Structure formats: structure tokens, C-alpha cells
Amino acid sequence: MSPKVTVLTGGVGGAKLVEGLGAILAPADLTAVVNTGDDFRHFGLAISPDIDTLLYTLSGKANRTLGWGREGETWSFMAALRSLGGEDWFNLGDGDLALHVLRSARLAGGEPLSRIVGDFARQWGLGLTILPMSEDPVETRVDTDQGLLAFQRYFVEHQCRPAVRAVDFVGAETARPAPGVIEAIACADVVLIAPSNPWLSIDPILAVAAIRQALIDTRAPVVVVSPLVAGKAVKGPTAKLMAELGLAVNNHTIAAHYQGWMAGMVVHGEDAAPGDVPVARTDTLMHDRGDRERVARVALALALDLR
Ligand code: FO1
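Rules of the game
- Residues numbered from 1 in each chain as written.
- Predicted model: local features only at pLDDT ≥ 70, side-chain atom pairs only at ≥ 80, totals over all residues.
- Heavy atoms only, no water.
- Patch = residues over 30% accessible without salt bridge, like charges linked within 9 Å, V, L, I, M, F, W, Y side chains within 5 Å.
- Areas by Shrake-Rupley, 256 points an atom, 1.4 Å probe, with all protein chains shown as cover.
- Salt bridge = Lys/Arg side-chain N within 4 Å of Asp/Glu carboxyl O.
- Buried < 20%, exposed > 50% of the residue type's maximum accessible area, 1.4 Å probe, protein only.
- Near = heavy atom within 4 Å.
- Polar contact = N/O pair within 3.5 Å; in protein donor to acceptor, adjacent residues only side chain to side chain.
- Helix = DSSP H or I, 4+ residues; strand = E, 2+ residues; numbered from the N terminus.

Peer 1: Lay out a nonpolar patch on the surface with the relevant residues and their values.
Peer 2: There is a patch of nonpolar side chains on the surface, built from L66, W68 and W75 and spanning about 260 Å² of accessible area. Judged by relative accessible area, which is 38%, L66 ranks as partly exposed.

Peer 1: Requested: an account of the site of the ligand, with residues and values cited.
Peer 2: All residues adjacent to the ligand are G11, D38, P49, D50, W68, F90, N91, D96, F151, Q152, F155 and V156. Contacts to the ligand include D38, whose side-chain N or O atom sits 3.0 Å from an oxygen atom. W68 places a polar side-chain atom, nitrogen or oxygen, 3.3 Å from a nitrogen atom of the ligand. Surface burial for the ligand is 91%, taken as the share of its 530 Å² of free accessible area covered by protein chains. Only helix 2 (49-58) and helix 6 (151-157) provide two or more residues apiece to the shell around the ligand. Of all the elements, helix 6 adds the most residues to the shell around the ligand, at 4 residues.

Peer 1: Report on the pattern of salt bridges, specifying residues and quantitative values.
Peer 2: Counting across every chain of the model gives 19 salt bridges. For R153, the salt bridge identified is with E87, shortest N-O distance 3.0 Å. A residue pair is termed long-range when its members are at least 10 positions apart, and R153 in helix 6 and E87 in the loop between helix 3 (76-83) and helix 4 (94-108) qualify at 66 residues. Among the ionic pairs, D189 bridges to R307, the shortest N-O distance being 3.5 Å.

Structural data, given as C-alpha cells:
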């Protein structure tokens, strides 16, 4: 039987796992619940980085070296913007702009984000279900030694250099799960937490109380793919952030972060892992499609064992 799988994801690592799952599951059996805490308005445009990284990755359009945006992108807009003295800390490629302009226009017309994203996925031949975690605004904000920073200011403008003291999610207490999110968790055979940054990319999703509760209540085993490889993060600021938060950079900390509903964990190679949860081991570095498929298979197998 083909299990119904729901995966909570954000960032590049998450998109790679979803790509691997897409290679082994029927599209109708796969749902991605995507972080929207990174979303922000820039020049009035609605930017949804983690949704866009997933759309680009799954449709083969992703810029693999940058980890965001499109392969073969051109930058005429940015050149023209700079000539006019516009803010240029956040790069908007010419092709990428089409996504932001179309999404912004349709949101302004009152369409829900989940419908817009569903249309984009279908336009690009993707059969899985991609759900934003919420249609309501939830803004990740990082309290640092250089003051309170909106997520993209921290991540892009300051290149994650400021030391983090705390992360919060403005709007989470009133944000509702997007349509279909609770069902996707409650009715899944398996729920996976992608190897995304737990504090920056998964916590915004968990900050929506009904989603966290659904993870606790679901009969599906919840398996976490560790974002750490040999005690370091593969990409992005995970290890640096953990150290700044005074946390040991290891899988015990990751497991403690997800305790209460995590049933098992996929860890890299021989990395130390908590002794009190079922663990599956594999090389969790996902360079190519084969890697992504392998990690997806290992995560799925562990979860199905735990049913
Ligand atoms: N990341 C950067 O480091 N520099 C950029 O100029 C940049 C532009 C950008 C434009 C659209 C988009 O969807 C993502 C973009 N990102 C950029 C990545 C983005 O900050 C991250 O993908 C997420 O917010 C963190 O996962």
C-alpha cells in the first residue's frame, strides 16, 4: 500500500527531502506543509521564500548553488533598481519576479495563498499537495545583539552574522492553520519533519497551536530527519544559532526540541543519537536525486516500522 505522507518543511534541506519523497510516492499521497514565517513584503510584493524554494526544487528550476531562486536567472530588474537608488540587499531575479508579481496580484484580488500555490504547482506539473502552514501572517523575528531583526534582514541583509538571543513569531497566537493542514496531519499514515532549521523553519509552523496539537494527537508516527551532519549544519545557521542559544550542537538537543511527539529520528552516519528513541542511520547529505531518494526511503521505512 502507498502510505499517505505529510512532511513539515522549510528551506533548502526540506525541499530536498520532499523531492526524494516525490520520487518514491504517488503525488496524491504526498502533502508538504510549508513554513511561511520567512514571508515578507518587499516593494509591496508578497515574497514566500520557502514555498518558492519548494516549487523551484520540485520543478527542476532551482538554482542549486545559491539554494534559492532560479537556475539561469537574469538580473535586469536589479540593475535597473540600483540605477534608481532602490534597496538592493534582497535580490529579485527577472524570472523570480513573475512568481512574486502574480502571487501579489492574486492575493490583492482576495485569493487565498493556498489556492495560488496550488495553481503554481499544477502549472509546473507538480502533483503533490503544497500547503502554506497558514493563510494568516506569521512573521519570524530574530532578537539579536544588533537588535530585533525581521527574518530576511537577519538572514540576507546581515547574512546571519548577528548573535541570536531569541526567535519569535509575530501573529502566531492568532494565526489559523491553512485549509487542509490539520487533516493532512491527522489523516496521514506517516508524518515527517524535514531536516530544516528547527528554530527558524519548523518552529514557526509549530507556533500555530492547532498544528502543534495535531502533531501530538495524530495516530501517525512522527519521524524527524536531523538537520545536523557530524555536529554541524549542512547549510545555513543552524549550528551557529544553537550555540548562540546556549544549546549543545548535537542530536540530543534536536530530539529534546521535538520531544512529546517525535516517535523516531533519522541521523547522519555514526553521529551520536539519543538512546531513548528509535533511530535510523544513513548518509543524510543530499547532493543528488539518488541521495534524496535514499534519505526519503530511510525516513519512510523508520516511520512505517513505528506504526
Ligand atoms: N537569500 C540570500 O541570501 N540573498 C538573497 O538576495 C535572496 C533573495 C531571495 C529572493 C527570493 C526568495 O524566495 C529567496 C531569496 N533568498 C535570498 C533566500 C531566502 O532568504 C531564504 O530562502 C529563506 O528565507 C530561508 O530559507
